[in-house]
Amino acid sequence: MKIIVAGVEKEVKDGITIAELIRQENVETPEYVTVSVNDEFAKSENFQTQTLSEGDRIEFLYFMGGGQ
Amino acid sequence: MEITMITLKKSDFGEMVAHARKHLPEEACGLVAGVTEDGVKKIQKVYYLTNTDHSSEHFSLDPREQLDAVRDMRANGYEPFGNWHSHPESPSRPSEEDKRLAYDSSASYLILSLMEPEHPVLNSFHIEGGVSEKEELAIQ
């Protein structure tokens, strides 16, 4: 099936989970990445089980913060 | 590692300083994006995001605004270059907290110091594995 990852169309296996996509995309420090699926933020505890569907739009966002 | 060269327009620098001053005593923060030409990262747009910590010592970008900014970058053909934040009362260099929370080694981390109110200082850093390295930033 086809999904859109960071604005780019990609072919992935049917029913791929968010966790599998993170591994497939070689996301750096995935524990600090927020994932949105069709503008909704996915809960990290669901990454292993939440499956994606044809045409889903995925964004990976790094947590950005700090302190002086 | 090759030192990254970054440029920022004077007008954008001025707006960034004004925004940071307006949000004192809190840290101000946002994102920067632009185009790479001849190996130089040219910042074309500075994004002003909410510091969800509302703190004078910490900042966190609002994920929803971050998502909107990423979409805007894409729509304008800009690359995400990294983020910026202000240090109201400390120098323009990454704190231990900044280094600990720098998860994206491909990003540039710009830090604007307002420690000397009349002489704001902006520097850019590459941070990887807890080690920071100053990048070449030209404000022109």
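Shown above is the structure to which this text applies.
Residues numbered from 1 in each chain as written. Chains lettered and ligands numbered in written order. Predicted model: local features only at pLDDT ≥ 70, side-chain atom pairs only at ≥ 80, totals over all residues.

A. Quick look at the overall build of chain B. Looking only at helices and strands, chain B features three helices and nine strands. Ordering the α and β elements of chain B from the N terminus gives β-α-β-β-β-α-β-α-β-β-β-β. The C-alpha radius of gyration of chain B comes to 14 Å, within 12% of the 14 Å expected for a compact globule of 140 residues. Per-residue burial over chain B gives 38% buried out of 140 residues. Intrachain contacts of chain B at a sequence separation of at least 6 include 63% that bridge at least 24 residues. (Helix = DSSP H or I, 4+ residues; strand = E, 2+ residues; numbered from the N terminus. Rg over C-alpha atoms; globule rule 2.2 N^0.38 Å. Buried ≥ 20, exposed ≤ 12 C-beta atoms within 10 Å, placed from the backbone. Contact = placed C-beta atoms within 7 Å.)

B. Inspection of the sheet that holds strand β4 (residues 40-41) of chain A at higher detail. Read from one edge to the other, the open sheet built from five strands follows the order β2-β1-β5-β3-β4 (chain A), with strand pairing classed as mixed. Two strands lie at the open edges of the sheet, namely β2 (8-11) and β4 of chain A, each paired on one side alone. Two elements, strand β1 (residues 2-5) of chain A and strand β5 (residues 57-62) of chain A, share two bridges in a ladder whose sense is parallel. Considered in β5 of chain A, the bridge of isoleucine 4 of chain A is made with arginine 57 of chain A. The sheet contacts of helix α2 (residues 63-76) of chain B involve β3 (33-37), β4 and β5 of chain A, and relative to β5 of chain A the element is tilted by about 115°. (Pairing = 2+ DSSP bridges. Axes fitted to C-alpha atoms, helices over the stretch in contact; angles between N-to-C directions.)

C. Structural context of unusual backbone geometry. At the junction of leucine 24 of chain B and proline 25 of chain B, the peptide bond is cis and its omega measures out at 5° in the coordinates. The residue proline 25 of chain B is located in the loop between α1 (10-22) and β2 (29-37) in this model. For threonine 29 of chain A, which is not glycine, the phi torsion reads 40° and is therefore positive. Of note, threonine 29 of chain A is situated in the loop between α1 (18-24) and β3. Unlike most non-glycine residues, asparagine 38 of chain A shows phi in positive territory, near 50°. Counting through the fold element by element, asparagine 38 of chain A comes out in the loop between β3 and β4.

D. A look at the sheet that holds strand β6 (residues 108-113) of chain B. Residues and elements named next belong to chain B. If you walk across this open sheet you meet the eight strands as β8-β7-β6-β5-β2-β3-β1-β9, and the pairing is mixed. Both outer strands of the open sheet, β8 (131-134) and β9 (136-139), are each paired with one neighbouring strand and no more. Averaged over all pairs of adjacent strands, the angle between their axes in this sheet comes to 35°, without regard to strand direction. In this structure, strand β5 (residues 79-87) lies alongside β6, joined through six bridges in parallel fashion. Counterpart to asparagine 83 in the pairing with β6 is tyrosine 109. Here α1 sits on the sheet and contacts β1 (5-8), β3 (40-49), β5, β6, β7 (121-128) and β9; the angle it forms with β3, its principal contact strand, is near 30°. Lying on the sheet, α2 is in contact with β2, β3 and β5; it crosses β3 at an angle near 140°.

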